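What follows is the residue order along each chain.
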Amino acid sequence: MINKMCPSVAEAVADIPDGATVMIGGFGASGSPIELIHALIDHGAKDLTVINNNTGNGEVGLAALIGNRQVRKMICSFPRSSQSKVFPKLYQEGKIELEIVPQGTLAERIRAAGAGVPAFYTPTTVGTVLAEGKETREFNGRPYVMEPWLKADFAIIKCEVADTLGNLTYNKTARNFSPLMCMAAKTTIVQTKKLVDRGDIDPEHVVTPGIFVNRIVEVTDPVHEDTLIAAARSYP
Amino acid sequence: MSTGWTREQMAARAAQDIPDGSYVNLGIGIPELVAKFVPEGREFIYHTENGMLGMGPPPDDDERDLDLMNAGKKYVTALPGASYFHHADSFSMIRGGHIDVCVLGTMQVSAHGDIANWSTGAPDAIPAVGGAMDLVQGVKNIFVITQHTTRNGEPKLIEQCSYPVTGVGVVSRIFTDLAVVDITPDGFQVVELAPGVTFDEVQQKTGTSISPPA
């Protein structure tokens, strides 16, 4: 019998090694798997390459992982926001690398990796500094830039409802990059707010099919990044 | 000299040029105000690139849903008929040409329709592009709302952008505090002057030649 349940967030992330590439779901605060990120901080893996749209806020979640100096490189589209302090400081001190990728290209590179497509052409960045050094090609008289797939060793993801086979649904705009990241990582680890038996999610409503999920851990009352920041919390 | 249109009036003027039934993406800042000035009898459906169609206005504080945000990471609501989707679908809507109008703010626009609104290129700046480069390449009509000049009086409508561009030849129409301006094969062309504003004033505050209203 397939059962992908994991007893704790600590055990779920225990085999993430130093130097791993880790995708982290979420767009800003929405959909950020705070408990799994904090477990990764406790676990202590270093020299990580982290893929997320942003670089975290305040001193919790992704920002805390970066602040704990576990991240060698960030791959993201928008590394600063009003409450983003940790990454900008380290970046300006030359202590963390940054690969900037337009948001739609980031999504498609992740999707392509999950779909087994090694590269694709996009009109995004044509004529800009972000296209410099990249292969371009014309289709129907219009130039396009080639972009490679983007894979990861692990993805850590937050969902709303999971069954024991790893079929997932999300909540509103907390979905964002997560279904794509589930497809693109060798090992996908999901924290779910609600765990149900197989058959309890209508097959028509499954957003991420269980084939893309390896481990599920139940976190019934997940904290939200904005709530922690409003309370001026930090981690560890 | 006149002060021209206010921020709200610029947004209202831009809204007049969006057809009924359009799927619309609004950038951060003055473009967000467009949603307050939908002309009577028209319906626009708002797309937010983090994954929703049918975005509604901000909620009251006690009705906030922490999982319901827009691309500017502000809390929003979902209108009846809304849908949620992941980022690859969201940017397929953009890149695939399914969104009708995008309204953006900018630092500079060139006479050839190039837009520079993501980076000043300063050596100590942290680059942050978000979805801007995808939007300008993919959306059918790129509208820009901007003050005609910077706070220091420097023109923002110029011959060539000095900042790193977001996209080349992508802007179709510009709404400033002084005028509505089209990008044509011959460069900037005034379509309409704000009440009390003269063409000479617009020309004086534009960084290159601009054609008078036809």
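Figured I'd write up the structure that's included with this text. Because the structure is a prediction, the values reported are computed rather than measured.

### Let's talk about the overall build of chain A
Counting secondary structure elements, chain A contains seven helices and eleven strands. What you see for chain A is a C-alpha radius of gyration of 18 Å, in line with the 18 Å of a compact globule of 236 residues. For chain A, the spread of C-alpha atoms along the principal axes amounts to about 55 × 45 × 30 Å. Here chain A, with 236 residues, has 53% of them falling under the buried criterion. The contacts of chain A with a sequence gap of at least 6 include a subset with a gap of at least 24, amounting to 77%.

### Remarks on the nonpolar core
Residues and elements named next belong to chain A. By size, the foremost hydrophobic cluster in this structure holds 128 residues, and its most contacted members are Val22, Met23, Ile110, Ala155, Ile156, Met181 and Ala184. Sort the elements by how many residues they give to this core and strand 8 (residues 152-163) lands first, with seven residues. For Ile156, the contacting residues outside a window of four places in its chain are Val13, Val22, Ile24, Gly25, Pro33, Leu36, Ile37 and Ile189.

### Quick look at the sheet that holds strand 7 (residues 115-116) of chain B
Taken together, three strands build an open sheet; the order of strands is 7-6-9 (chain B) and the sheet is mixed. In the strand order of this sheet, the two ends are held by strand 7 and strand 9 (157-158) of chain B, each with one partner.

### Focus on the interface of chain A and chain B
With 39 residues of chain A at the contact, the number on the chain B side is 33 residues. Of all elements in the fold, only helix 4 (86-92), helix 5 (103-115) and helix 6 (178-184) of chain A reach the threshold of two or more residues within the side of chain A that touches chain B. Top contributing element to the side of chain A that touches chain B by residue count: helix 5 of chain A, with six residues. Tallied by class, residues from the side of chain A that touches chain B come to 16 nonpolar, 17 polar and six charged.

### A few points about the pairing of strand 12 (residues 187-193) of chain B
All names here are of chain B. Sheet topology note: the strand 11 (residues 179-184)/strand 12 ladder contains six bridges and is antiparallel. Looking at strand 12, one finds that Ala179 is bridged to Leu193. Connecting the antiparallel pair strand 11 and strand 12 is a turn made up of two residues. Pairing between strand 12 and strand 13 (residues 210-211): two bridges, direction parallel. Bridge pairing links Phe188 to Ile210 in strand 13. A crossover links strand 12 with its parallel partner strand 13, the connecting element being helix 4 (residues 199-204), and its sense is right-handed.

### Digging into the pairing of strand 3 (residues 71-76) of chain A
Residues and elements named next belong to chain A. Examined bridge by bridge, strand 2 (residues 48-51) and strand 3 share four bridges and lie parallel to one another. When the bridges of strand 3 are listed, Val50 appears paired with Met74. With respect to chirality, the unit in which strand 2 leads through helix 3 (residues 61-67) into the neighbouring parallel strand 3 is right-handed. The sheet contact formed by strand 3 and strand 4 (residues 97-100) spans four bridges and is parallel. Along strand 4, the bridge assignment pairs Lys73 with Glu97. Viewed along the sheet, the connection from strand 3 through helix 4 into strand 4 turns out right-handed.

Cut-offs applied
Residues numbered from 1 in each chain as written. Chains lettered and ligands numbered in written order. Predicted model: local features only at pLDDT ≥ 70, side-chain atom pairs only at ≥ 80, totals over all residues. Helix = DSSP H or I, 4+ residues; strand = E, 2+ residues; numbered from the N terminus. Rg over C-alpha atoms; globule rule 2.2 N^0.38 Å. Buried ≥ 20, exposed ≤ 12 C-beta atoms within 10 Å, placed from the backbone. Contact = placed C-beta atoms within 7 Å. Core = buried A, V, L, I, M, F, W, Y, C linked by C-beta atoms within 7 Å. Pairing = 2+ DSSP bridges. Nonpolar A, V, L, I, M, F, W, Y, C, P; charged D, E, K, R; others polar. Right-handed = clockwise from strand over helix to strand, strands pointing away.

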